[in-house]
Structure formats: C-alpha cells, structure tokens
Amino acid sequence: QNDGYRTLSLSGHVGFGSLPDQLVKKSIKQGFCFNILCIGETGSGKSTLINSLFNTNFDDPVSSHFLPSVQLRAQTYELQESDVLLKLTIVNTVGFGDQINKEESYQPIVDYIDAQFEAYLQEELKIKRSLFSYHDTRIHVCLYFISPTGHSLKTLDLLTMKSLDSKVNIIPIIGKADSISKTELQKFKNKIMSELVSNDVQIYQFPTDDETISKINTIMNGHLPFAVVGSTEEVRIGNKMVRARQYPWGIVQVENENHCDFIKLREMLICTNMEDLREQTHARHYELYRRCRLEEMGFRDIGPENKPVSLQEAYEAKRHEFYLELQRKEEEMRQQFVQKVREKEAILKEAEKQVHTKFEHRMLMLQEVKVKLEKNKKVLENEIAMFMEKKANAEVLQSQASVSTPLVSLKRDKDRK
Amino acid sequence: PHAGPVENKNEAAMSELVPEPRQKPVVPMKPMGINANLLGYIGIDTIIEQMRKKTMKTGFDFNIMVVGQSGLGKSTLVNTLFKSQVSRKSSGWNREEKIPKTVEIKAIGHVIEEGGVKMKLTVIDTPGFGDQINNENCWEPIEKYINEQYEKFLKEEVNIARKKRIPDTRVHCCLYFISPTGHSLRPLDLEFMKHLSKVVNIIPVIAKADTMTLEEKTEFKQRVRKELEVNGIEFYPQKEFDEDLEDKTENDKIRQESMPFAVVGSDKEYQVNGKRVLGRKTPWGIIEVENLTHCEFALLRDFVIRTHLQDLKEVTHNIHYETYRAKRLNDNGGLPPMTVETEENHESNL
C-alpha cells in the first residue's frame, strides 16, 4: 500500500497526533447536516417517532387522507447539543399510500432524491463553486415505515423500496409496533427480512469493519426491521416522567427495551452510525448518480479507441459540436430570411406594375374625356355665336320695322282713302 | 431576426450544453431553519467521535515544499521538524553532489505515525533555486510543479468513475528560506514570493538565525515584515481568509509579531542541564533548538504542525485549488490541455 513511501520512525514527539482534533474543531465550526426522509402511509406514526427520536416537538401539522398525489414536505431545524450544531432536515411523504390508484406513489419520492443529487452535482460542476459552504440537502437515510399488519410486506412497500435501494440508505421500521404481540412480532420480522432478501432489496447494513462497533452493529443488523413506538405524551412511572402510551391494560414505555426497539434505533441512527450514513450517501449513492448522469450527458472516460479521454477533452468536443450546431441554425435562419425577403419583393413589384398599368389607363381615359369636352365646348360656342347673330339680326329687323311701319300705315291709309 | 450565440459562453456549466434527455426534476425550495430546543440528551455530539475515528482510519496526506538557496539549512530544518530523516539529503544522496544547473523538483514520500494517526508526508525539495549566476525566472519550474499537482487533482476529480479518495499531491505549505543578511529582503526573495503567494501558502522563514543577536533579529524581522507588506505579498495565514474574530485575533498576533520565524535546525543531541536536547554546539555555548529564548523553531513547529496543519490543507483545497480550477475551466479551449509530467521526470527515492 505504501507504494514508494518509506516508513520512518520518529525520534521524538512531533505533534501531528493532534490532526484529528484540528479537523474536528473545524467541522464543529462549520456545523453538520443530516437529512432524514420518512416514507410511510398517513397515520403510520412518522411525525410522532421523529419527535420522540429527537426529544422535541417539531410541530408538524397533521395531514388528511384525501390528497390527490404524493407530495414531499421538508423542514429544517437547527439543534445544538454541547458544542455540536446540527442542521437537521426532516422530509415527510404526505399522502403516501392513500390514493386508490397507487401507481404514481413512489415516483415523486425518487424524483425528490434525484433532485437533491442533481443540485449537488450542479454545484460541483460550476466553474465558480463554493462546496465548503454548500447546504447539503442530499438524503442521508430513509426510514421506511412498514404497517404493523403482522403478515408481510405490501406490494407498494416492495416496489418503493426496490426503486430507492440504489439511491439512498434504507432502514425499514415497523411503526406503531405496540399493536403486535411479541410472538407475532418475531415471525413478522423474519417474514419481512426474507421477503426483502428474495426480492433483492438492498437495505442499509450497519458497518462491521471497525472492531469497536462491529460487534454491536452485527447484533443490531439481526434486529432489523426495528419495531418502534413513538409518543408525544409523558406518563409518570415511579418518580420519573417518561415518554409512553397509556392504555387501560398497561403502559407502553417508548424507551424500555423490552417494550420496543426505539432505543436500538436511536443508538444506531444517531450515536453510532450517523457519520457512516453520511459517508455512504456521498461516496456510494451520489457517485453512482453522478456517473449515470454524466454518461447520460454523453461524457465518457474511455474514448472510441479505448484510450482514456479526459473530461476536459470531451467537454471541449461537446462545446465545439454545440457551437457548430448553433452556427448551422444561424445559417438556416439567415437563408429563410433572405428567401422571405425575395418573395415579398416579388409581390411588391407585381403590385407596382399593376398600379402603373391602371394609372396609364386612367390617363388615357382622361385624355378622351378632355377631347370630348373640347368638342362640346366648341359646339356650344358655335351655338352661342349663332344665337348672338340671330339676336343681333332680330334687333336690327325690329328697329327697321319700327321705322318702316309708319310708311306701311300711310300706304294703308292712302288706300283706304 | 438574428440568433446570437450563448451570452456568457465562459460561464456555461457542462450540463447546459446538452439538451435534457428527460425532464429535469424540480428542486424543492431550500427549507427554512427553525430553532428547536432539546428536552433531553440525544447523542448528536457523538458525531465528533465518529468523525475522529473515521479520519484516523483513513489517515492524512501532507505535502510540504522547501525553497531557498543552497546552504541555508533547509534539509536540516525539515529533519528537525519531523524528528526523522525526511529530507532528500538523508535519503541516500551524496553531500558533495554538484549544484544542478537548473531548478529541479525532487519529492520524497514518507509514512510516519504518532498517537495512532498515520501521516503520508511528502517533502518537496528545490535544489538549484537561486544558485545560478542568472536567476531570472527560476521560480517558474516551481510554479509549474505546483500547477501540475492541481491539474492532476482536477483530472481525477472530473473523471466519471472516480476513486474513493483522490490522491492529494498538492503542495499544502511552502517554506521560503530567507538569508539572514540582517539588512533586507533580496530582489529574488520578493519576486518569488510575489509570484507564488497567489498559488500556494507561503511561510517565510529566516534561516540560520543563530548568526544574529536578539536586537538584530527583531530589527530584521520588522524590516522584512514591512517590505512584504509594501510589496503586497500575502503570506500564510492570509488576512482575507480569517473566518471569524477568534481566528483574526490569533492570526494577527502571529502575523504581526512572530512571523517570519527565525529558526535554527539540528539533528544532533547534546546534554544540557541533565537533559538531552537538540542543538548546535559552538565554542561559546550550545544553541538549543527547542528553547524559545534561543530561536523560534518551537513556534514554527507548533504553528505548522500542531495548530494549523489542517487549516493549511483546507486553504489549499478550498481557495488555491478552486482558483486554479475556475481559471482552467474558463479557458475556452484555445489552449491544448496541459500535459502532466510523467513519472520519469520526477525522481522519487525508494
């Protein structure tokens, strides 16, 4: 493993043994993120369990059974214990398993998980990025609530878990486990585990490679799925107030290991394996998502001749392709534009010609009318002239008549005489 | 209508180049934080222990570079820092070796363990720096080496199927050795630090400080600090990266009083007052390396190893590497991708 590195022994105290402390100090300053996804039917006890797990009242509003589709509701809380600041995000599935047709039930969940990976990937691919201050919203663990029927897993459970097992760490839980008796419980657990194995569903295995925790983790692995009971009420037992559910026939104590596996779940989820859950999400599930997504986008590590292709080269090639495509489209649009202009021009020319012809025709007609008018005018003038002449003649005649009338009358008188 | 090219083609992320094959999943709005009060112990603080265990299992990488003219005591100092024979000179090289004609980069790797913590330490030596008659641009091979390590890391990070732990060969810390002339910095010192403080964490160190008296030392340090400030050289810890008030006060004290550290190195032990101490024996007395009244070696060691080692790595990763990466991804393909030096050009001693 130490390829080319010599192993040396120190002749005195150097001091780098404090490195983990330096690292831890920095991590405390930055704070931690932990994101839990709870999947389960409405009324399976998700919110109550989370309240019990983190010993707080997160104030989640109760949801109805009549939602048309599955939605995911996320809430982030800031918890602090001694020096450690934890940004806890609880994502609840609302309306899961309520619809009559449940075919679309698990797709919104898969989409949500993918969306968180996508957001992280986008940040990682940015040129100017700030990964160290990025609020990590990727789901670190999925608590899947199984209904305490006592028989076996529902088809919806198997389908949902199968679609999620390569994307997130799944821990199956039997909710409201106080409705099953002890004997039935063990049979139920065995049935569930064997169904998961036979359907090849990969649930989260607590890690057994570290000697200090491998023993307890192996034992816990055998207790899966955890049968839990949650409660928001406290009951006085002896001289302490404990979380419990009070029935006429007795009191179910949440933190009593004989009553339910709540303590085991809290141990495993928070005290022992929280860091491993985060690491698995990043190193396994996210890497798988990233690989698939980049391959989808057309990037490869190995080129066509089986020579390693750097992402940089592939990126350059793609960018070149993209700009060629852009240029081609630009050219196409330019051609179309030129074509349209030509067509328009032709139409306009045609119209112009027509207008011209009309104009000339009109001009001709105008000329004809003018000529006619001239003619008429001449005729009219002639008539006027003739009339004037006649008038003049008439006047002359009249004046002659008035002079010659007495002669005429004399003559007449003479005749008479 | 004239379709223009993509506006900021420099800023186009890789995913924008290819049309989405399937509908992009909608990212829900960032959730708002609500402060919740805990009513009892849960065990959240055990995450510290979990993290510590994990890091101890994986171990740490640390790469330190020493730069300075030959004869300033670089190898001895590095040996003293890590209390073992980590320098190139100790790994079988001949002391009478000729000074190389150009600056060479020689990296030697070691594995050391202390208190259950395993560290892969690489010491990068730069023989030939400043030793020529004409030393123009002698920092260029060093800058090239540093950028090559960033390039190697970037190539690995950008792979489709990438390793679980990307091997980190980036230079986390560069100790620059200043000659104890007692006057001021040399032009070569200023040029080197000006160019390299932008790509790597530089810690200036006054070598062979046993040639100066206390007053000469204080004056020299003041003058060096002033010259560095006047020339705009930001050595580690850089002012702009102080995260909060606590860091600032702590680092201000180091920047304005202790740095540059005036050190003396030695790998020989002598008996002083009944104790075995590392020191240099002279006719007029024994100079104790780890004695704070004699020299500031202990300050340098505590600073680099015991308090700021993790921070050196983080500044390298979050700032210097990110700057390199952003610049590299912005280059529009006008330059061919950098070719990484093959293993034959670097000598690593087995």
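Residues numbered from 1 in each chain as written. Chains lettered and ligands numbered in written order. Predicted model: local features only at pLDDT ≥ 70, side-chain atom pairs only at ≥ 80, totals over all residues. Heavy atoms only, no water.

Chain B has the name Neuronal-specific septin-3 in an unreviewed UniProt entry, where Glareola pratincola is given as its organism. UniProt, in the comment section headed Sequence similarities (unreviewed entry), describes chain B in these words: "Belongs to the TRAFAC class TrmE-Era-EngA-EngB-Septin-like GTPase superfamily. Septin GTPase family." (UniProt positions renumbered as here; feature names shortened; annotations may be inferred.)

Under an unreviewed UniProt entry, the name given to chain A is SEP10 protein, and the organism recorded is Glareola pratincola. Checking UniProt for chain A, the heading Sequence similarities (unreviewed entry) contains the comment "Belongs to the TRAFAC class TrmE-Era-EngA-EngB-Septin-like GTPase superfamily. Septin GTPase family."

## Topic: the overall build of chain A
For chain A, the count of helices and strands is nine helices and ten strands. Against the globule reference of 22 Å for 417 residues, chain A gives a C-alpha radius of gyration of 51 Å, more extended than a compact globule. Classification of the 417 residues of chain A by burial places 41% in the buried group. Partitioning the contacts of chain A with sequence separation of at least 6, the portion at a separation of at least 24 is 68%. Carbon and sulfur atoms make up 55% of the accessible area of chain A, which totals about 24600 Å². Each charge class in chain A was averaged separately, 58 positive and 60 negative side chains, and the resulting centres sit 11 Å apart. (Helix = DSSP H or I, 4+ residues; strand = E, 2+ residues; numbered from the N terminus. Rg over C-alpha atoms; globule rule 2.2 N^0.38 Å. Buried < 20%, exposed > 50% of the residue type's maximum accessible area, 1.4 Å probe, protein only. Contact = heavy atoms within 4.5 Å. Areas by Shrake-Rupley, 256 points an atom, 1.4 Å probe, with all protein chains shown as cover. Lys, Arg positive; Asp, Glu negative; His and termini not counted. Charge placed at Lys NZ, Arg CZ, Asp CG, Glu CD.)

## So, the domain arrangement of chain A
Domain boundaries assigned for chain A yield domain 1 (25-297) and domain 2 (311-387). A C-alpha centroid distance of 75 Å is found between domain 1 of chain A and domain 2 of chain A. (Domains from an automatic or database assignment.)

## Some remarks on the side chain of Glu275 of chain A
Relative to the helices and strands, Glu275 of chain A resides in helix H8 (residues 274-296). Looking at Glu275 of chain A, the relative accessible area reads 10%, which means it is buried. The contacts of Glu275 of chain A, once residues within four sequence positions are left out, are Ile47, Gln50, Met51 and Lys54 of chain B.

## Regarding the sheet that holds strand S10 (residues 250-253) of chain A
All names here are of chain A. Strands sit in the order S8-S9-S10 across an open sheet of three strands; the sheet is antiparallel. Of all the strands in the sheet, the pair left with one neighbour each is strand S8 (234-237) and S10. Neighbour-to-neighbour, the strand axes of this sheet turn through a mean angle of 65°, independent of strand direction. Where S8 meets strand S9 (residues 240-247), four bridges bridge the pair, whose relative direction is antiparallel. Looking at the pairing, Glu234 lines up with Arg243 of S9. (Pairing = 2+ DSSP bridges. Axes fitted to C-alpha atoms, helices over the stretch in contact; angles between N-to-C directions.)

## Here we look at a nonpolar patch on the surface
Together, Leu380, Ile384, Phe387 and Met388 of chain A line one region of the surface with nonpolar side chains, adding up to about 420 Å² of accessible area. In this fold, Ile384 of chain A is placed in helix H9 (residues 311-416). (Patch = residues over 30% accessible without salt bridge, like charges linked within 9 Å, V, L, I, M, F, W, Y side chains within 5 Å. Salt bridge = Lys/Arg side-chain N within 4 Å of Asp/Glu carboxyl O.)

## Topic: the packing of aromatic side chains
Under the definition given, this model contains 17 aromatic pairs over all chains. Measuring from centroid to centroid gives 5.0 Å for Phe153 of chain B and Tyr321 of chain B, while their planes differ by 85°, and the two rings are edge-to-face. With Phe153 of chain B in helix H3 (residues 140-157) and Tyr321 of chain B in helix H8 (residues 309-330), the pair connects residues that are 168 residues apart, well separated along the chain. Taking the relative accessible area as the measure of exposure, Phe153 of chain B reaches 9% and is therefore buried. By relative accessible area, which is 0% here, Tyr321 of chain B ends up buried. Ring centres of Tyr176 of chain B and Phe192 of chain B lie 4.8 Å apart, and the angle between their planes is 20°; on these two criteria the pair is classed as stacked. With a gap of 16 residues between them, Tyr176 of chain B in strand S5 (residues 173-178) and Phe192 of chain B in helix H4 (residues 187-196) connect regions that are remote in the sequence. Taking the relative accessible area as the measure of exposure, Phe192 of chain B reaches 0% and is therefore buried. Ring pairing ties together the aromatic residues Phe117, Tyr120, Tyr134, Tyr286 and Tyr289 of chain A, which thus form one cluster. Taking the ring centre of Phe153 of chain B as reference, the NZ or CZ of Arg170 of chain B above it sits at 3.7 Å. Over the ring of Tyr321 of chain B we find Arg170 of chain B; its NZ or CZ atom is 4.9 Å from the centre of that ring. (Phe/Tyr/Trp six-rings, centres within 6.5 Å; stacked < 30°, edge-to-face > 60°. Lys NZ or Arg CZ within 6 Å of the ring centre and 35° of its normal.)

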